Amino acid sequence: MAFLDGCACHVWAIDGWVNDILSREVNENYAEVGTGIAMGTVHAATLDAKVALLLNRCRISPAVAQAGTLYGGFQAAGDGSPTHMWFEHGGYVYDTMPGSALRRIAASALTRLRPPSEAAAFAQRLVGSTPFSLTESQYRLISGANIVWANGVLAGRNVEYYTP
């Protein structure tokens, strides 16, 4: 499966995209940890703590020295895992959804609560975040996209799209 078909938002935000095998592993880890949080067998007291725990227990790829912020938007504070995840790096917010291209938008107070794939902003009290370092695949994909965006192929839009 290609990025467009198989990359869930949480897989992209936590680990990036390498291939289906790694994507499935991250997804299985995410389901297990999120269920544990929801059932009370894994403890995370705040939304920020939930996002950090999901990152730490689900990521399988090594990090590179590229700082960012990982976000998770929840429907309710008691949820075990976010309904959507995205990250910020280098002044942009990046996200995707299955069947969609990689998207970016300039980071702002609003786009930190409403990434490009969302039709409406999450309530600020329902967004958790944690500082993190990008993985090699996240950095490689957004670097490739930045070349396309810098060449103006997709310029002139608020949201820019890139298909890896």
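These lines cover the structure that appears in this document, whether it is placed above or below. (Residues numbered from 1 in each chain as written. Predicted model: local features only at pLDDT ≥ 70, side-chain atom pairs only at ≥ 80, totals over all residues. Heavy atoms only, no water.)

### Describing the nonpolar core
Put simply, the test is: Throughout, nonpolar core names a set of buried Ala, Val, Leu, Ile, Met, Phe, Trp, Tyr and Cys residues whose side chains join them through atoms within 4.5 Å. When a residue's accessible area, from a 1.4 Å probe over protein chains only, is under 20% of the maximum for its type it is buried; when over 50% it is exposed; and in between it is partly exposed. The numbering of helices and of strands both runs from the N terminus, where a helix is a DSSP run of H or I of at least 4 residues and a strand a run of E of at least 2. Contacts are residue-level and defined by heavy atoms, with any inter-residue pair within 4.5 Å sufficient.
Among the nonpolar cores identified, the biggest contains 33 residues, and W12, I14 and L70 are the most heavily contacted of them. Among the secondary structure elements, those contributing two or more residues to this core are α2 (9-15), α3 (20-39), α4 (47-58), β2 (84-89), β5 (127-135) and α5 (136-150). Looking at this core, the element that brings in the most residues is α4, giving 6 residues. Once residues lying within four places of it in the same chain are set aside, the contact partners of L70 are A13, I14, V51, L55, M85, W86, F87, G128, S129, T130 and F132.

### Structural notes on the packing of aromatic side chains
In plain terms, the rule: Note on aromatic contacts: the rings of Phe and Tyr and the six-membered ring of Trp form a pair at centre separations within 6.5 Å, being stacked when their planes are under 30 degrees apart, edge-to-face when over 60 apart, and tilted otherwise.
Taken as a whole, this structure holds 6 aromatic pairs when the rule is applied. Considering the side-chain rings of W86 and F122, the 5.6 Å spacing of their centres and the 20° angle between planes classify their relative orientation as stacked. A residue pair is termed long-range when its members are at least 10 positions apart, and W86 in strand β2 and F122 in the loop between β4 (102-106) and β5 qualify at 36 residues. Classification of W86 by relative accessible area gives buried; the value is 0%. Ring pairing ties together the aromatic residues W12, F87, Y92, Y94 and F132, which thus form one cluster.

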